[in-house]
Amino acid sequence: MTAVPISFDIRLLDTPRVTLAGREVALGAARRQAVFAALALHSDRAVPREELIAAVWGENPPSSAMGNLYTYVSALRRALEPDRDRGSSNTVLTSRGGAYRLHVPAEQVDVHRFERAREESRAFRASGDAGGELAALDAALAEWRGGEPLAGVPGPHAEAQRVRLGELYLASTERHAELMLGFGRAAEVTDRLLDLATRHTTRESLYAVTMLALAAEDRADEAIALYAELRERLATESGTEPGAAVARIHAQLADEAARPVRPRSPAPPRHAGFRGRAAAVARLRQAVTALADGGHGGSLWISGEAGIGKSALLAEGLRDAATAAVQVGWGVGDEPDRGAPLSLLPEFLPRDTANDLLAPLYAAHGMMPPTMAVIDAVKAFVVVRCAESPVLLVLDDMQWADDTSLLVWHALHELTDRLPLLLVSASRPLPTGHEMRLLRRLLPRTGTTLIELGPLDDPTAAELVRGWTLGADIEPGAVRSMVAAAGGNPLYLRHLVITERQGLSADTPAPELIEAVHRHLRPLTDDTRQLLHAVAFLGANHRTADLAAVTGKPLPALVPFVEEAMAAGVLVEDGDRVRFRHPVVHQVLRGAIPTALRVTMHRQLAQRIAEAGGDLPRVAGQLLAGPVPIDAWVEQWLTANVEQLSATVPASAIAVLRHAVSSPSLSPQSRELLADRLRQSLFRAGLVPDEYSTVR
């Protein structure tokens, strides 16, 4: 159906408000608003009834939910088409095949306009057009009115959207502020940044740009005080130190002699309570000693999944480099910078130096100077610095580097065998572009030492938990539970400690942990993320072949996505199955699937497995996973297969039969048959029949 020629203005980035031809539409009660919001956020897409019910009522909808949904939709139709004749068809809010669709163009919804403008800003950034990027972010942020998204709207879907949209708003505001600082307009953003910092008290990226804005207005003392507040709060809440980026800004501001020049030693502070990695730490320190004492250069590459502790290892292993009369350049890649030309050059070289090197090249060649000209200029600069004293260049989060920066890094690597130059890189396995893949193949063949960081062992992880809890009395069982859930990933472990201190659990993680998981999965392709949701849905009770039934793709087509998830350290092989390396990732992804939808999916998968001739235990496992209500198909399958099921997997048979005979929807004939089989199964297992096995 084509979009209706009606002009709506739908606002969801505050208290929901809809106007039609300049007249406000009354959306009604809170749950009716929740239904409308779910439809508007997926405008012009069919939304199944089950998905709407889960969006409004969550995992345990009342028996009246379906009837209430019909009532809400009818009321919304009248409100959205007030002039429609009673006998004519709906054109704005339609239904078909058990789903509803709101026929409203995306440009009439403020959320979609905001997201489109953000995407435009990313395109401008990739092309190096700072003015275009700023204008696009101005348009994106203009959609916000200062309130909370979907304010007052109940339900888990609205809550999840509040978290998601709030995160996008903060990220957009931070990038907008960075651009404004670059254009000398700090005074226009400082007050807003300070207000946000008081409301998001542990968001380090927000503190970083706020400190820079204060410094640009000659308010460095306020910026230093802001850092002190952040440091004290992190120490109190999680026993950790601020990250490298914000710590470098503080170091610049605190050193009066160097302000605002980049400090001589940009190395970040050590991570509080660092544990383990003894061999890797020793290897880094040996390289620094060889550089400082004998002038021996070299190259090391640290690889590991997101959150595994690469940055902490760098801070620990290289902490003494500056005191050993070594010149240090320390850069950290940033995801928003990915693809921006030469984005990392000012990171591992002093910013003023990088500008001095590039300015004449830009003047001679325009927007983007030739790659070889850049390489020659950087190599000449590094050669001069190495003649003064040994040089250590560190590039963390290298996976976000643009291709030109990687080519510069490769060219510097060629100098390490004849100059006192040590290069240390740290990168995730994914994402990878062509130049990154090339570097990973070539550098180990030409002398680079590769250090692979795997998960922490359980004793080391337990030590971290006890250190981060600051001596608090914590049950050994709770420590074991957190260690098991994190699967050796220190970042997940840290968030689990915070979750525990908030009175939550791994099954109900804090929003920061949920965001960390989704941030780590964001670089993966859409198809791979879909696969991960399927694995999370299936849990331990699946075979790899079941993934095809859940995703709707043939098994051979899924192989590249499984391999990508394994390369990223998210999945591991387990016989004929794949499982999550870190159980907490499984818990977060599975928790994002509403119970009502999960039950429906288990029911559909059980039937697909049965119709494909799958094993009876696998079908029974899906029926129990929901647990799936006993409908006509389930009743028929059970009565036809109960004998074989009881003989092959007695325990599963007993569980399924107990569930079935307690269901009020079971027919009398089937209830008598299944109750009798349950009594027999219980007797063979040496158990006492219970009330459900007695037919009344």
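Below: a short report on this structure.

**Here we look at the overall build of the chain**
Then comes step 1: Scanning the chain from terminus to terminus reveals 30 helices and 13 strands.
Then comes step 2: The proportion of buried residues among the 696 residues of the chain is 49%.
Then comes step 3: Residue pairs in contact within the chain that sit at least 24 positions apart in sequence constitute 67% of those at least 6 positions apart.
Then comes step 4: Counting only carbon and sulfur atoms, one obtains 52% of the accessible surface of the chain, whose full area is about 31,200 Å².

**Quick word on the pattern of salt bridges**
Should their charged atoms come close, side chains of opposite charge can pair.
Then comes step 1: Counted according to the given criterion, the structure contains 27 salt bridges.
Then comes step 2: Measuring nitrogen to oxygen at the nearest pair gives 2.6 Å for the salt bridge that ties arginine 164 to glutamate 115. Taken together, the residues arginine 164 in helix H6 (residues 156-182) and glutamate 115 in helix H4 (residues 110-126) connect sequence positions 49 residues apart.
Then comes step 3: By relative accessible area, which is 23% here, glutamate 115 ends up partly exposed.
Then comes step 4: For glutamate 643, the salt bridge goes to arginine 677, with nearest N and O atoms at 2.4 Å. Of the two residues, glutamate 643 sits in helix H28 (residues 632-648) while arginine 677 sits in helix H30 (residues 668-684), which places them 34 residues apart along the sequence.
Then comes step 5: When its relative accessible area of 46% is taken as the criterion, glutamate 643 is described as partly exposed.

**Re the sheet that holds strand S3 (residues 23-25)**
Then comes step 1: Here three strands make up an open sheet; going across it, the order is S1-S2-S3 and the pairing antiparallel. Because the sheet does not close on itself, it has two edges, and the strands there are strand S1 (8-11) and S3. Ignoring strand direction, the axes of neighbouring strands in this sheet form an average angle of 25°.
Then comes step 2: Taken together, the three bridges between strand S2 (residues 17-20) and S3 define a ladder with antiparallel strand orientation. Within the sheet, the bridge partner assigned to threonine 19 lies in S3 and is glutamate 24.

**Describing the pairing of strand S8 (residues 327-332)**
Then comes step 1: Of all six residues in S8, six are buried; the element is thus mostly enclosed.
Then comes step 2: Burial of the side chains of S8 extends over both faces: Gln327, Gly329 and Gly331 are buried on one face and Val328, Trp330 and Val332 on the other.
Then comes step 3: Across six bridges, the pairing between S8 and strand S9 (residues 391-396) is parallel. Bridging across to S9, tryptophan 330 finds its partner in valine 394.

**Details of the sheet that holds strand S11 (residues 449-452)**
Then comes step 1: One open sheet holds the five strands; their spatial order is S8-S9-S10-S7-S11, and the pairing between them is parallel. A strand with exactly one partner marks an edge of an open sheet, and here the two such strands are S8 and S11. On average, each strand axis in the sheet is tilted by 15° relative to the strand beside it, whichever way the strands run.
Then comes step 2: Relative to S11, strand S7 (residues 298-303) runs parallel, the two sharing four bridges. Paired with tryptophan 301 across the bridge in S11 is leucine 450.
Then comes step 3: In the packing of helix H11 (residues 278-294) onto the sheet, the strands contacted are S7, S9, strand S10 (421-427) and S11, and the crossing angle to S10 comes to about 155°.

**Comments concerning the environment of glycine 487**
Then comes step 1: In this structure, glycine 487 sits in the loop between helix H19 (476-486) and helix H20 (490-501).
Then comes step 2: Each residue touching glycine 487, except ones within four places of it in the same chain, is listed here: Pro455, Arg581, His582 and Pro583.

**With respect to the packing of aromatic side chains**
Geometry of an aromatic ring pair is reported as the spacing of the ring centres plus the angle between the planes.
Then comes step 1: Following the criterion strictly, the structure yields four aromatic pairs and no others.
Then comes step 2: Taken together, a centroid distance of 6.2 Å and an interplanar angle of 15° make the contact between tryptophan 57 and tyrosine 72 stacked. Of this pair, tryptophan 57 sits in helix H2 (residues 49-57) while tyrosine 72 sits in helix H3 (residues 65-80), and the two are 15 residues apart along the sequence.
Then comes step 3: By relative accessible area, tryptophan 57 is classed as buried at 14%.
Then comes step 4: Ring centres of tryptophan 633 and tryptophan 637 lie 6.5 Å apart, and the angle between their planes is 20°; on these two criteria the pair is classed as stacked. With tryptophan 633 and tryptophan 637 both in helix H28 and four residues apart, this pair spans about one turn of that helix.
Then comes step 5: The exposure class of tryptophan 637 is buried, given its relative accessible area of 8%.
Then comes step 6: A network of ring pairs unites the aromatic residues Phe114, Trp144 and Tyr169 as a single cluster.

Rules used in this analysis
Residues numbered from 1 in each chain as written. Predicted model: local features only at pLDDT ≥ 70, side-chain atom pairs only at ≥ 80, totals over all residues. Heavy atoms only, no water. Helix = DSSP H or I, 4+ residues; strand = E, 2+ residues; numbered from the N terminus. Buried < 20%, exposed > 50% of the residue type's maximum accessible area, 1.4 Å probe, protein only. Contact = heavy atoms within 4.5 Å. Areas by Shrake-Rupley, 256 points an atom, 1.4 Å probe, with all protein chains shown as cover. Salt bridge = Lys/Arg side-chain N within 4 Å of Asp/Glu carboxyl O. Pairing = 2+ DSSP bridges. Axes fitted to C-alpha atoms, helices over the stretch in contact; angles between N-to-C directions. Phe/Tyr/Trp six-rings, centres within 6.5 Å; stacked < 30°, edge-to-face > 60°.

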